[in-house]
Amino acid sequence: MTPTFSPLIDELIERLRCLPGVGPKSAQRMAFHLLSRERDKGKQLSQSLAKSMEDIGYCERCRTFSENPLCQICLQKSRDPAVLCVVETPADVLAVEQGSHFRGYYFVLMGHLSPLDGIGPEDIGLDKLSLRLAQGEIKEMVLATNPTVEGDATAHYIANMAKNHGIRATRIAYGVPIGGELEYIDSNTLAHAFNGRFEL
Amino acid sequence: MKTTITLQPAYLLHYRAYRDTSALLDLFTPEYGRVSVVAKGIRREKSSLKGVLQPFVPLLISCQGKGDLLTLTHAESRSAVWPLAGEALFSGMYLHEVLIRVLKRMAPETEIFRAYELVLKALTRQYTLEKVLRLFEKYLLHCLGYTLPLYQDSQTGHPIEAEFLYHFDPEKGAVKVNISQKTELPEDVYRGASLLALARGVLIENSILRDAKRLIRRALAPHLGPRPLNSRLLFKSL
């Protein structure tokens, strides 16, 4: 990077670039915007960032991000403890919360099994999940990992664990998105949609 | 040197997210062997290639560029995805890990490609997974120039006989040994029956499948490098 401003400003611009989708130009805009117009908000942002990076860890039960030992969802008593939804990321928890009527608890893998990348069962917390299954409270697991090969393999692996504990495991369905047109659906998705057809 | 690959059959072996919306792909093609490409923009929300660029989908790809990393310019599916599920899916991942380790970049591997496609087909049927994998591995060794010398005693030249025991070295071949069949066999000693069954590709009995696995694992090891195969460990813990 060619130094154009003071070293501190250059550093700020460079640091902002760690955010997804932020290139040198947008980083520069963000830095100048904060410096020229939003000093207070900039300070709040820096405090919030510092505090979050320091304090936020993982929920002891579901492994999602949380600054407390248990996350907000795991603390809710009104949920059904017999159903557990397994997802890959904290963002998936929000997606399921907003987009479905699911009212059980979650388990967040923070990834998926990927032998080629060296990610094994323990890296995605399956040792922890196994302990939780052994407690006997869970009766059904909804495997909502992504519809990719790794997601499927992860789901299959967890389904096997469930079977060993005598727990029912279900996989979310594949298919054509609502409002979609068959003509424009990729053949892979369509093939899955046909394999998963049901009787009316 | 500029490389241009046009509408080449391919399979995706490995996918890695790259930058915000792109991905680095390892593809297996018949005429160029293993090809690494950047697929720009395929992780965008609207990308129509997301569902296509998946493992086990028969693809047609075009790419161009200089050096080892090319840019993907076109991809479409040739036919429906091979629907691997459950353990077959893990077998598929295992195959990919093996292929990534043995395939050279930009070197034609038409025969291995054809065999790989047949294996995918077989994995979708109700065949014994182990049998399919062992025969593929044997053929893979053959294509790499290391055909297993399974037919005769390498010292005497006599044909292998089912009821004898043989010490087998993947490079030197089989040598008859005289030890009791009752005790557990040493790591590199096999029953003649197993060698013959593997030579003929008739792997039915479990004991023969176990021997074949032991033998091929030793033969394949030098080609896979020192790191253990993750998918093998995963399969074991399944």
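Here the structure is a predicted model, which means the values were calculated and not measured.

### Some words on the overall build of chain B
Next, step 1: Along chain B, the regular secondary structure elements total six helices and eight strands.
Next, step 2: Of the regular secondary structure in chain B, the N- to C-terminal order runs β-β-β-β-β-α-α-α-β-β-β-α-α-α.
Next, step 3: With the C-alpha coordinates of chain B rotated into their principal frame, the extents come out at 65 × 40 × 30 Å.
Next, step 4: Summed over its atoms, the accessible surface of chain B is roughly 12100 Å², and 51% of this surface lies on carbon and sulfur atoms.

### Details of the pattern of salt bridges
All names here are of chain B.
Next, step 1: Under the criterion given, the structure shown has 16 salt bridges over all chains.
Next, step 2: Of the charged contacts in the structure, one is a salt bridge between arginine 101 and glutamate 97, with a shortest N-O distance of 3.5 Å. Here arginine 101 and its partner glutamate 97 are both found in helix 1 (residues 87–102), four residues apart, which amounts to about one turn of the helix. Across the pair, exposure class does not vary: arginine 101 and glutamate 97 are buried alike.
Next, step 3: In this structure, aspartate 211 engages arginine 191 in a salt bridge whose closest nitrogen and oxygen atoms are separated by 3.5 Å. Here aspartate 211 is found in helix 5 (residues 206–224), whereas its partner arginine 191 is found in strand 8 (residues 189–191), with 20 residues between them in sequence.
Next, step 4: Among the residues examined, arginine 191 registers a relative accessible area of 22% and is labelled partly exposed.
Next, step 5: Among the ionic contacts, a cluster of salt bridges with common partners joins Glu130, Arg134, Glu137 and Lys213.

### Examining the sheet that holds strand 6 (residues 165–169) of chain B
Residues and elements named next belong to chain B.
Next, step 1: Taken in spatial order, the three strands of this open sheet run 7-6-8, and their pairing is antiparallel. With one partner strand each, in any of the chains shown, strand 7 (173–177) and strand 8 form the two edges of the open sheet. Along the sheet, successive strands turn relative to each other by an average axial angle of 40°, direction set aside.
Next, step 2: The sheet contact formed by strand 6 and strand 7 spans five bridges and is antiparallel. Looking at strand 7, one finds that histidine 167 is bridged to valine 175.
Next, step 3: Contacts between helix 4 (residues 192–200) and the sheet are confined to strand 6, strand 7 and strand 8, with strand 8 contributing the most and set at about 75° to the helix.
Next, step 4: This element, helix 5, spans strand 6 and strand 8 of the sheet and lies at about 145° to strand 8.

### Things to note about the domain arrangement of chain B
All names here are of chain B.
Next, step 1: Considered domain by domain, chain B is made up of domain 1 (2–77) and domain 2 (83–238).
Next, step 2: A C-alpha centroid distance of 30 Å is found between domain 1 and domain 2.
Next, step 3: In this assembly, domain 1 packs against domain 2 so that about 1800 Å² is buried in total across both faces, 72% of it on carbon and sulfur atoms.
Next, step 4: Its largest share of buried area at the contact with domain 2, domain 1 owes to Phe28, Arg34 and Phe56, together 42% of the area lost on that side.
Next, step 5: Scanning the region where domain 1 abuts domain 2 turns up zero salt bridges.
Next, step 6: Counting every contact that joins domain 1 to domain 2 gives eleven residue pairs in polar contact (both at pLDDT 80 or more).
Next, step 7: Elements that contribute at least two residues to the side of domain 1 that touches domain 2 include exactly strand 1 (2–18), strand 2 (22–29) and strand 3 (33–39).
Next, step 8: For the side of domain 1 that touches domain 2, the element with the highest residue contribution is strand 1, accounting for seven residues.
Next, step 9: Split into classes, the residues belonging to the side of domain 1 that touches domain 2 amount to 13 nonpolar, five polar and four charged.

### Overview of the sheet that holds strand 3 of chain B
All names here are of chain B.
Next, step 1: Taken together, the five strands give a closed barrel; going around it, the order is 1-2-3-5-4, and neighbouring strands pair in mixed fashion. When strand polarity is set aside, the average angle formed by the axes of neighbouring strands in this sheet is 55°.
Next, step 2: Of the strands in this sheet, strand 1 and strand 2 touch helix 2 (residues 110–124), which is tilted by about 50° from strand 1.

### Observations regarding the interface of chain A and chain B
Next, step 1: Counting residues at the interface gives 22 residues for chain A and 28 residues for chain B.
Next, step 2: A combined buried area of about 2000 Å² lies between chain A and chain B, and 68% of that area is made up of carbon and sulfur atoms.
Next, step 3: For the chain A face of the interface with chain B, the top three residues by lost area are Pro115(A), Leu116(A) and Val149(A), together amounting to 32%.
Next, step 4: Counting the contacts that link chain A with chain B gives six residue pairs in polar contact (both at pLDDT 80 or more).
Next, step 5: The dominant element in the side of chain A that touches chain B, judged by the number of residues it contributes, is helix 7 (residues 149–164) of chain A, at seven residues.

Thresholds applied
- Residues numbered from 1 in each chain as written.
- Chains lettered and ligands numbered in written order.
- Predicted model: local features only at pLDDT ≥ 70, side-chain atom pairs only at ≥ 80, totals over all residues.
- Heavy atoms only, no water.
- Helix = DSSP H or I, 4+ residues; strand = E, 2+ residues; numbered from the N terminus.
- Areas by Shrake-Rupley, 256 points an atom, 1.4 Å probe, with all protein chains shown as cover.
- Salt bridge = Lys/Arg side-chain N within 4 Å of Asp/Glu carboxyl O.
- Buried < 20%, exposed > 50% of the residue type's maximum accessible area, 1.4 Å probe, protein only.
- Pairing = 2+ DSSP bridges.
- Axes fitted to C-alpha atoms, helices over the stretch in contact; angles between N-to-C directions.
- Contact = heavy atoms within 4.5 Å.
- Domains from an automatic or database assignment.
- Buried area = accessible area lost by both parts, 1.4 Å probe.
- Polar contact = N/O pair within 3.5 Å; in protein donor to acceptor, adjacent residues only side chain to side chain.
- Nonpolar A, V, L, I, M, F, W, Y, C, P; charged D, E, K, R; others polar.

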